[in-house]
Amino acid sequence: MKKNALITLCLVVAVDAASFGILLPVVPFLVNQLTGSFNPVSVTGVLAAYSGLQFIGAPIIGRLSDRHGRRKVLTITVAISGIALIGSGLAQSLLVLLLFQALNGASSGVFAIAQAVVADSVSDLKQRTVNFGALGASLGIGFVIGPGVGGVIGAIDPKLPFFIAAAFCLLNVLLIRLRLTESRPVSHDKADSESGQNLLWGQGQAALRRLIGVYFLFYLGFNAFNGIFVLAAKDRFNWGPQPSGLVLVYVGVVSVIVQGALLPNLLKRFRAERLSVIGLTLVGAAMIGVSGINNGYELYITQLLFAGGVGLSTPGLRSSMSICVNENQQGALGGMTQSVISLTSLFGPLLSGQLYGNIGYEATFQAQAVIVLLAMTLLVVSNNRPINQAVKTPSA
């Protein structure tokens, strides 16, 4: 994959992540502004609306990009997200906010298509993992910019970050149209259009099913954590949007360093599968640590483990899944993995909201740790079984 193409793709991913991350510190406070309450079910429900429609939309977007090309589909979906964010900022009721966030989720497909572009362009497994790591680092950069901006601007008015996020979408449309080249020609082959239908249940796809199971469990714990973090920090440490946003910025910085600088060097010595196991273990340990702290600034210790673990685990998982399908299915696979994230983003916050309301702070984060450590156990079992590699995509 050409360096300029990877840089442009990473910029697109970073801007998209910033447009989402900018909202995280302010959602509870916008819900309070609209309803007069910090009700945990309402707060997590906004994130669930986004994720629920992303669960439906992401596989469709992925398959459309296999059929009609990555660049065209990406432009349209980002433009729709921008419109949805403007509508969210103008919302005068919780219902309207939920509807526009549902539209935003349905059109969210940047990272799914970005993964497909990398898979289109790189055949070597280690280099593909490095490039997936670069995409992950770009997500981290977005989450450095987004929550920091959201925390500061949200302290003025929790609606303002939605308009900033819409401006980020406009910037992304310009980047896509002016600098991103097409990695997959438009296909009129009916087989290509049906490429996503037998991803999991086709012959020889047991390895992919196991890896999807790992991915699901990890992101269920991950999104349960993120869905309750700001509210838990408010209750436990009396924090507002700014200190919570700064912790999210810190997580992003660590993630960038791990995926952008450490991962390529670590892959020279260790297999990606082993790094993924280590990473999942670190995330589980971080969640257990969060459950026991009483001083908010101790989060800077636990979240070092959390961010490092995420940075080590996810690129290898994505790379391992990408070699299980052929070149006509990379968009469908990207859509499926994004759909898994969306499903867990839907149920994770709802789960943590219910747990938090019924069993309290400590047990909520301990339950999340158990889920992630189950994912680690399944990955260890999966690594001891062979993966049948599908046809590899040509290097660009």
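This structure is a prediction, so every number in the text was calculated from the model and none was measured.

1. Details of the overall build of the chain
Then comes step 1: Scanning the chain from N- to C-terminus turns up 15 helices and zero strands.
Then comes step 2: Against the compact-globule benchmark of 21 Å for 396 residues, the chain has a radius of gyration of 20 Å, which places it among compact chains.
Then comes step 3: Once local pairs closer than 6 in sequence are excluded, the contacts in the chain between residues at least 24 apart make up 85%.
Then comes step 4: Within the structure as shown, the chain displays about 15400 Å² of accessible surface, and the carbon and sulfur contribution to it stands at 65%.
Then comes step 5: Within the chain, the 14 negative side-chain charges are centred at a point lying 5 Å from the centre of the 25 positive side-chain charges.

2. A look at the packing of helix α1 (residues 3-21) against helix α6 (residues 110-121)
Then comes step 1: Their axes nearest at 10 Å, the elements α1 and α6 cross at an angle of 165 degrees. The orientation of α1 with respect to α6, classified from their angle, is roughly antiparallel. Between α1 and α6 lies a crossing of left-handed hand. From α1, Leu9, Val12, Val13 and Asp16 reach across to α6, where they touch Val110, Phe111, Ala114, Val117 and Val118.
Then comes step 2: Here the contact of α1 with α6 is built from residues that sort into eight nonpolar, no polar and one charged.

3. A short note on the confidence of the model for the chain
Then comes step 1: With 92% of its residues at a pLDDT of 70 or more, the chain shows a mean pLDDT of 85.
Then comes step 2: Ranking the elements of the chain by mean pLDDT puts helix α9 (residues 190-193) last, at 50, and helix α12 (residues 272-292) first, at 93.
Then comes step 3: Low pLDDT, under 50, characterises residues 391-396; the stretch is placed with 21 contacts to residues that sit more than four places away or in other chains.

4. Notes on a nonpolar patch on the surface
Then comes step 1: A surface patch of nonpolar side chains, about 400 Å² in accessible area, is lined by Leu53, Phe55, Ile56, Ile60 and Leu64.
Then comes step 2: Positionally, Leu53 belongs in helix α3 (residues 40-68).
Then comes step 3: For Leu53, a relative accessible area of 32% corresponds to the partly exposed category.

5. A short note on helix α11 (residues 241-266)
Then comes step 1: Over its 26 residues, α11 extends 35 Å from the first C-alpha to the last, a length consistent with the 38 Å expected when each residue adds 1.5 Å.
Then comes step 2: At Val258, α11 shows its maximal kink, close to 30 degrees.

6. Some thoughts on the packing of α11 against helix α13 (residues 299-322)
Then comes step 1: Axis separation between α11 and α13 bottoms out at 8 Å; the angle between their running directions is 40 degrees. Taken together, the axes of α11 and α13 lie oblique to each other. At the point where α11 passes α13, the crossing takes the right-handed sense. Across from Leu246, Val247, Tyr250, Val251, Val254, Ser255, Val258, Gln259, Leu263 and Leu266 in α11, the residues of α13 making contact are Leu299, Tyr300, Gln303, Leu304, Phe306, Ala307, Gly308, Gly311, Leu312, Thr314 and Pro315.

7. Quick word on the pattern of salt bridges
Then comes step 1: One pass over the full model with this rule turns up five salt bridges.
Then comes step 2: The partner of Arg70 in a salt bridge is Asp66, and the shortest N-O contact between them spans 2.8 Å.
Then comes step 3: Given the relative accessible area of 1%, Arg70 is considered buried.
Then comes step 4: Connected through salt bridges with shared partners, the residues Asp66, Arg70 and Asp120 form a single ionic network.

8. As for the side chain of Gln259
Then comes step 1: Relative to the helices and strands, Gln259 resides in helix α11.
Then comes step 2: On the basis of relative accessibility, which here comes to 3%, the residue Gln259 falls in the buried class.
Then comes step 3: Here Gly136 takes part through its backbone oxygen, which lies 3.3 Å from a polar atom of the side chain of Gln259.
Then comes step 4: There is a polar contact of 2.8 Å between the side chain of Gln259 and the side chain of Ser255.
Then comes step 5: In this view, Gln259 contacts Phe132, Gly133, Gly136, Ala137, Pro264, Gly311, Thr314 and Pro315; residues no more than four positions away in its chain are not counted.

9. Focus on the environment of Gly348
Then comes step 1: Mapping Gly348 onto the fold places it in helix α14 (residues 330-359).
Then comes step 2: For the pair Gly348 and Leu47, spaced 301 residues apart in sequence, the C-alpha to C-alpha distance is 9.8 Å.
Then comes step 3: Once you skip the residues sitting within four places of it in the chain, Gly348 turns out to touch Leu220, Asn223 and Ala224.

10. Some details on the nonpolar core
Then comes step 1: In terms of nonpolar packing, the biggest core is built from 57 residues, with Leu208, Phe218, Leu299, Phe306 and Tyr361 touching the most fellow members.
Then comes step 2: Those elements giving two or more residues to this core turn out to be α10 (206-237), α11, α12, α13, α14 and α15 (361-383).
Then comes step 3: Sorting elements by how many residues they give to this core places α10 first, with 17 residues.
Then comes step 4: Of all hydrophobic cores here, the second largest spans 42 residues; its members include Leu6, Ile113, Ala114 and Val118.

11. Details of α10
Then comes step 1: Compared with an ideal rise of 1.5 Å per residue, which puts 32 residues at 46 Å, α10 spans 45 Å between its outermost C-alpha atoms and is within 8% of the ideal.
Then comes step 2: At Phe229, α10 shows its maximal bend, which comes to roughly 45 degrees.
Then comes step 3: The buried fraction of α10 is high, at 23 of 32 residues.
Then comes step 4: In the segment just after α10, Asn238 is the residue with positive phi, at about 60 degrees.

12. Some points on the packing of aromatic side chains
Two aromatic rings are characterised by how far apart their centres lie and by the angle between their planes.
Then comes step 1: Evaluated as defined, the whole model comprises 15 aromatic pairs.
Then comes step 2: Look at Phe29 and Phe38: their rings are 5.4 Å apart centre to centre, the planes differ by 85 degrees, and that puts the pair in the edge-to-face class.
Then comes step 3: A ring pair is formed by Phe237 and Trp239, whose centres lie 5.6 Å apart and whose planes are at 50 degrees; its orientation type is tilted.
Then comes step 4: For Trp239, a relative accessible area of 9% corresponds to the buried category.
Then comes step 5: Among the aromatic residues, those joined into a ring-pair cluster are Tyr215, Phe218, Tyr219, Phe222, Phe225, Phe229, Phe306, Tyr361 and Phe365.
Then comes step 6: Here the basic side chain of Lys234 rests over the ring of Phe38, its NZ or CZ set 4.8 Å away from the ring centre.
Then comes step 7: The cationic tip of Arg236 hangs over the ring face of Tyr361; the distance from NZ or CZ to the ring centre is 4.0 Å.

Rules used in this analysis
Residues numbered from 1 in each chain as written. Predicted model: local features only at pLDDT ≥ 70, side-chain atom pairs only at ≥ 80, totals over all residues. Heavy atoms only, no water. Helix = DSSP H or I, 4+ residues; strand = E, 2+ residues; numbered from the N terminus. Rg over C-alpha atoms; globule rule 2.2 N^0.38 Å. Contact = heavy atoms within 4.5 Å. Areas by Shrake-Rupley, 256 points an atom, 1.4 Å probe, with all protein chains shown as cover. Lys, Arg positive; Asp, Glu negative; His and termini not counted. Charge placed at Lys NZ, Arg CZ, Asp CG, Glu CD. Axes fitted to C-alpha atoms, helices over the stretch in contact; angles between N-to-C directions. Parallel < 35°, antiparallel > 145°, perpendicular 65-115°, else oblique. Left-handed = near helix turned anticlockwise from the far one by under 90°. Nonpolar A, V, L, I, M, F, W, Y, C, P; charged D, E, K, R; others polar. pLDDT = per-residue confidence, 0-100. Patch = residues over 30% accessible without salt bridge, like charges linked within 9 Å, V, L, I, M, F, W, Y side chains within 5 Å. Salt bridge = Lys/Arg side-chain N within 4 Å of Asp/Glu carboxyl O. Buried < 20%, exposed > 50% of the residue type's maximum accessible area, 1.4 Å probe, protein only. Expected span 1.5 Å × (residues − 1). Bend = angle between axes of the 7 residues up to and from the residue. Polar contact = N/O pair within 3.5 Å; in protein donor to acceptor, adjacent residues only side chain to side chain. Core = buried A, V, L, I, M, F, W, Y, C linked by side-chain atoms within 4.5 Å. Phe/Tyr/Trp six-rings, centres within 6.5 Å; stacked < 30°, edge-to-face > 60°. Lys NZ or Arg CZ within 6 Å of the ring centre and 35° of its normal.

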